[in-house]
Amino acid sequence: MLKGKNILLGVSGGIAAYKAIALTSKLTQAGANVKVIMTESATKFVTPLSFQAISRNEVYLDTFDEKDPSKIAHIDLADWPDFFLLAPATANIIGKIANGLADDMLSTTLLATDKPVYIAPAMNVHMYQHPAVQRNMQILDGWGYRFIEPGEGYLACGYVGKGRLEEPETIVTLLQQEVTRTLKWKGKKVLISAGPTREPIDAVRYFSNYSSGKMGYELAKAAVREGAEVHLVTGPTTLEDPDNVKTYQVTTAEEMFNKISELYPAMDIVIKSAAVADYRPVVQTDRKMKKQDGNLFIELERTKDILKYLGEQKGHQYLVGFAAETDHVKAYGKEKLYKKNLDAIIINDVSNKEIGFQSDFNEVIFLTKDGVEQTISKSKKEVIAKQLITFIENEIRKD
């Protein structure tokens, strides 16, 4: 599956660089054409000659070492591969790419390439968990870079934890799978709702909820990666619009209903993860209400039930809802699934402060109208989003 594929391997300066020699060997044995770029720091751990002997190709070290005057080396290299593999990827090189820095051959070529880039991090467990490193990886993930998660175990620094470069055999297997992977949702139109709504009381106050929008945004990113045309209708959040997603900003439940109902007929898959207000004030004023003695009573009226409406209007669409519950979580979620004519529902317990609203983590149950049940234990929302896309795709294929 890798036979004849051009692979550009970037080796940065960590102790795991020694594994990159075995990785080069495995890739070459699989029939790939491998060229290697090393950072100066990487040469402190392993020699360029080792990679040259195994790959039978020149190893690139210096941005300014232009051997062929008819070409600019880093641009020529950036255009050459079918994909770019960065292994090991240190915290330093990940930070460089995320911040657009290009001060050596490897970082310059990485910024110049438009080929798929696979990143296999390797570093101390505390470095890997540092907020700056996590932020940089999230930025790159949002740009479409693909990560090969590090393994857990004994690290060269003496710590035990996550940060060990994935084994060369596993990396080769993952790359082989990627080569044969088809985009699950290519040609599909997907509508996702996210975030809270705000129902105004007066000029300065509103009713809302704790939804951050993170789960919906991660679902949008995951759907785009599978080739879908994604439309995201979102309430107010602090999140940046996902790349390659058509994003519509709304505020109230009424605005969300109007936009979703407008888009709905043309959609193939709809995932409604927004936390929409069930009630809004009957009377709203554009002036600030002044504080008075005694209690204040605000009469509320029901907002439109968006999910119920979608279930009633459902034709060819595959409709997925969310149920954020605090009690009898599974039972209430199941009731909502059938009552609103959904194809599937994603249930989570928002009483657990370690997951759900505001958290980067979640834990969910995926339940279908046919009784299929899948549980995803506590994981990052981006990981859960990818798994949910797979679950939904498996159900669609059955139809």
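Since we're looking at a predicted model, the values are computed, not measured.

Draft legend 1. Highlighting a negative patch on the surface. Among the surface-exposed residues, Asp62, Glu66, Asp68, Asp76, Asp79 and Asp114 lie close enough to one another that they form a single negatively charged patch. With respect to the helices, strands and loops of the structure, Glu66 is situated in the loop between strand E3 (59-60) and helix H3 (73-79). On the basis of relative accessible area, Glu66 is assigned to the partly exposed category, the value being 35%.

Draft legend 2. The arrangement of helix H7 (residues 131-142) in detail. With twelve residues, H7 extends 16 Å between its outermost C-alpha atoms, agreeing within 8% with the 16 Å of an ideal straight helix rising 1.5 Å per residue. Those residues of H7 that sit buried are Val133, Gln134, Asn136, Met137, Leu140 and Asp141. Here the buried residues of H7 occupy an arc of 160° about the axis, which is enough to place them on one side. Following H7 by one or two positions, Gly144 has its phi on the positive side, about 100°.

Draft legend 3. Highlighting the domain arrangement of the protein. Each assigned domain of the protein is listed with its residue range as follows: domain 1 (6-182) and domain 2 (189-397). Computed over C-alpha atoms only, the centres of domain 1 and domain 2 are separated by 38 Å. Facing the seven residues of domain 1 at the interface are six residues of domain 2. When domain 1 packs against domain 2, close to 570 Å² is buried across both sides, 21% of that on carbon and sulfur atoms. Between Asp141 and Arg225 there is a salt bridge, and its shortest N-O distance comes to 3.3 Å. Linking domain 1 with domain 2 are two residue pairs in polar contact (both at pLDDT 80 or more). When the residues that make up the side of domain 1 that touches domain 2 are grouped by side-chain class, the tally is one nonpolar, four polar and two charged.

Thresholds applied
Chains are numbered independently. Their residues run from 1 in the order of the written sequence. Local features are withheld for residues below a pLDDT of 70 in this predicted model, meaning they are given only at 70 or higher, and side-chain atom pairs are given and counted only at 80 or more; totals for whole chains, interfaces and linings count all residues. Only hydrogens and water are set aside; all other atoms, that is, all heavy atoms of the structure, feed into the side-chain values. In this analysis, a patch consists of residues with relative accessible area above 30% that form no salt bridge, clustered at 9 Å for like charges and at 5 Å for the nonpolar side chains Val, Leu, Ile, Met, Phe, Trp and Tyr. Per-residue accessibility takes into account occlusion by the displayed protein chains alone, with areas from the Shrake-Rupley method and a 1.4 Å probe. The working definition used for a salt bridge is a side-chain nitrogen of Lys or Arg within 4 Å of a carboxyl oxygen of Asp or Glu. His is not counted here, nor are the chain ends, while Lys and Arg score as positive and Asp and Glu score as negative. Where a charge lies is defined by one atom per residue type, namely NZ (Lys), CZ (Arg), CG (Asp) and CD (Glu). In DSSP terms, a helix is any run of H or I states spanning at least four residues, a strand is any run of E spanning at least two, and both are numbered starting from the N terminus. Exposed residues in this analysis have more than 50% of their type's maximum accessible area, buried residues have under 20%, and partly exposed residues fall in between, with area computed by a 1.4 Å probe over protein chains only. Here, expected helix span is obtained from the residue count minus one, scaled by 1.5 Å. Directions drawn from the helix axis to the C-beta atoms are what define this arc. Each domain's limits were defined by an automated method or a database of domain assignments. Here, two residues are considered to be in contact whenever any of their heavy atoms come within 4.5 Å of each other. Using a 1.4 Å probe, buried area is obtained as the accessible area two parts lose upon being combined, added over both of them. Counted as a polar contact is a pair of N or O atoms within 3.5 Å, where, for protein atoms, one must be capable of donating a hydrogen and the other of accepting one, and residues adjacent in sequence contribute only when both atoms are in side chains. Throughout this entry, Asp, Glu, Lys and Arg are counted as charged residues, while Ala, Val, Leu, Ile, Met, Phe, Trp, Tyr, Cys and Pro are counted as nonpolar. The remaining residues, Gly among them, count as polar.

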